[in-house]
Amino acid sequence: MSDDAALSVKHLWKIFGRGADRIVGTPDADLSRAELKEKTGCVVGVRDLSFDVAPGEVFVVMGLSGSGKSTLVRCLTRLIEPTAGEVVIDGRDITKASESELRDLRRTHASMVFQHFGLLPHRQVIDNVAYGLEIRGVGRKERRAKAEEVVQLVGLAGYETSYPDQLSGGMQQRVGLARALANDPSLLLFDEPFSALDPLIRRDMQNEVIRLHHELGKTMVFITHDLAEALKLGDRILIMRDGELVQIGTPDEVVGAPADDYVRDFTSEVPKSHVLTLKWVMREPRDGESGDGPVMTSDTIVRQAARAALASEHPVRVVDDGQLVGIVDDDAILRVVVAEER
Ligand SMILES: Nc1ncnc2c1ncn2[C@@H]1O[C@H](COP(=O)(O)OP(=O)(O)OP(=O)(O)O)[C@@H](O)[C@H]1O
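What you see is a predicted model, and the numbers here were worked out from it, not measured in a lab.

> Can you explain the domain arrangement of the chain? Please cite residues and give values.
The domain boundaries assigned to the chain delineate domain 1 (7-270) and domain 2 (273-339). With centres defined by C-alpha atoms, the gap from domain 1 to domain 2 works out at 37 Å. With 6 residues of domain 1 at the contact, the number on the domain 2 side is 4 residues. Counting residues per element, the side of domain 1 that touches domain 2 draws most heavily on helix α9 (residues 251-256), which supplies 4 residues. When grouped by side-chain class, the residues that make up the side of domain 1 that touches domain 2 number 4 nonpolar, 1 polar and 1 charged.

Shown next as structure tokens:
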């Protein structure tokens, strides 16, 4: 467990129901979700989850409906009270924070973007964006200036005086994003923010998140049930099932080495050449092998490598830090690319 994590979650549990706080630490905690429900009437939302998120990382939590994603993200700022475990944000243990410290945390350190935007209908865009600053007591001039800045940042310039119901769903979600950014939080939490949007708008918003991340470098925890979204946005992905962690890995790890059939099922439809890197298709170099092939690093995406690899008469030489670490033959590239067309 590293000390410089932006977010550190340790043995986090959430069990719903009467007597839930008497279960962790007893043999009942080892029961499956269904068995525990049967025996005690309690439902496991999150089971003994531990992970760290590095500063500036985009960390995606994904799983099917009911896997515990929303419960997890709400436990992070104690919108839902965890049953056991620790959540440390910027070095502060949230589970020990007082009510007023929690309010401060939610306003200034960890802002949340929800699926349902929760905008104030009688306030203009600019005032919705500035609302968080207003309740923090920031002066009018200063909060206006900050709100103007983030409205620009999310591409809403010109709509400052519009009311929420005059905006499309995608634009309303931009207001939600601007509202979260106005607080200048170190951590942004997204709870399925784009699930209700049309596919094209959804893609725009995903690109917006990527752009904002490049510009601002903020740590993000992003909840989704959509693997394509997870692969597109995540530096790492945590996959949940029945409240439990099934796998944590980079997109290429999750697709290249799924932890079990559940993950394999999820990833079976993914266009692998878009995600897998040469690391997953290279083989050991052989003695006396030709040194004439194109040189690429092991983190090159297969699809990006394909054209140059196939055009060359010699296999690709995979070189990291000046060291030859592997060889990629045309066959290996084709196996990945052709598998997608079946
Ligand atoms: N207040 C509650 N009381 C009892 N059980 C709950 C409560 N909230 C959630 N649960 C249960 O906890 C489990 C996890 O729910 P959660 O909403 O976190 O899943 P999810 O992955 O976010 O699903 P979805 O995408 O459908 O929101 C589910 O079995 C759910 O029924």
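On we go from here.
> Describe helix α2 (residues 69-76), naming the residues involved and giving the relevant values.
Among the 8 residues that make up α2, 7 are buried, leaving the element largely enclosed by the rest of the structure. All buried positions along α2 are accounted for by K69, T71, L72, V73, R74, C75 and L76.

> With reference to specific residues and values, describe the nonpolar core.
The nonpolar side chains of a soluble globular protein tend to be buried with one another. By size, the foremost hydrophobic cluster in this structure holds 88 residues, and its most contacted members are V129, A178, V221 and V328. The dominant element in this core, judged by the number of residues it contributes, is helix α6 (residues 169-182), at 6 residues. Each of domain 1 (7-270) and domain 2 (273-339) accounts for three or more of the residues forming this core. For V328, the contacting residues outside a window of four places in its chain are L278, V281, M282, A309, P315, V316, V318 and I333.

> Mind laying out the site of the ligand, listing which residues take part and the relevant values?
Near the ligand the following residues occur: F16, V43, G45, G63, S65, G66, S67, G68, K69, S70, T71 and H225. Every element with two or more residues in the shell around the ligand is listed here: β2 (43-53) and α2. If one sorts the elements of the shell around the ligand by residue count, α2 sits on top with 3 residues. Of the residues assigned to the shell around the ligand, the class counts are 2 nonpolar, 9 polar and 1 charged.

> Tell me about the environment of L181, residues and numbers included.
Mapped onto the elements of the fold, L181 is located in helix α6. With 24 C-beta atoms counted inside 10 Å, the residue L181 sits in the buried group. Spatially, the C-alpha atoms of L181 and I301 are 32 Å apart, while their sequence positions differ by 120 residues.

> Which residues make up the sheet that holds strand β1 (residues 7-16), and what values do they have?
An order of β2-β1-β4-β5 is seen for the 4 strands of this open sheet, with the pairing classed as antiparallel. Taken across any chain shown, the strands that pair with only one partner, and hence form the sheet edges, are β2 and β5 (92-93). In terms of strand pairing, β1 meets β2 through 7 bridges, oriented antiparallel. Considered in β2, the bridge of S8 is made with D52.

> I'd love a proper account of the pairing of strand β8 (residues 219-224), names of residues and values included.
With 6 of 6 residues buried, β8 lies mostly within the body of the structure. Here β8 shows no split at all, with T219, V221 and I223 on one side and M220, F222 and T224 on the other all buried. In this structure, strand β3 (residues 58-62) lies alongside β8, joined through 5 bridges in parallel fashion. Bridged to M62 within β8 is T224. Pairing of strand β7 (residues 187-191) with β8, which is carried by 5 bridges, proceeds in the parallel orientation. Counterpart to D191 in the pairing with β8 is I223. Crossover connection from β7 via helix α7 (residues 199-216) to parallel β8: handedness right-handed.

Calculation rules
- Residues numbered from 1 in each chain as written.
- Predicted model: local features only at pLDDT ≥ 70, side-chain atom pairs only at ≥ 80, totals over all residues.
- Domains from an automatic or database assignment.
- Contact = placed C-beta atoms within 7 Å.
- Helix = DSSP H or I, 4+ residues; strand = E, 2+ residues; numbered from the N terminus.
- Nonpolar A, V, L, I, M, F, W, Y, C, P; charged D, E, K, R; others polar.
- Buried ≥ 20, exposed ≤ 12 C-beta atoms within 10 Å, placed from the backbone.
- Core = buried A, V, L, I, M, F, W, Y, C linked by C-beta atoms within 7 Å.
- Near = placed C-beta within 6 Å.
- Pairing = 2+ DSSP bridges.
- Right-handed = clockwise from strand over helix to strand, strands pointing away.

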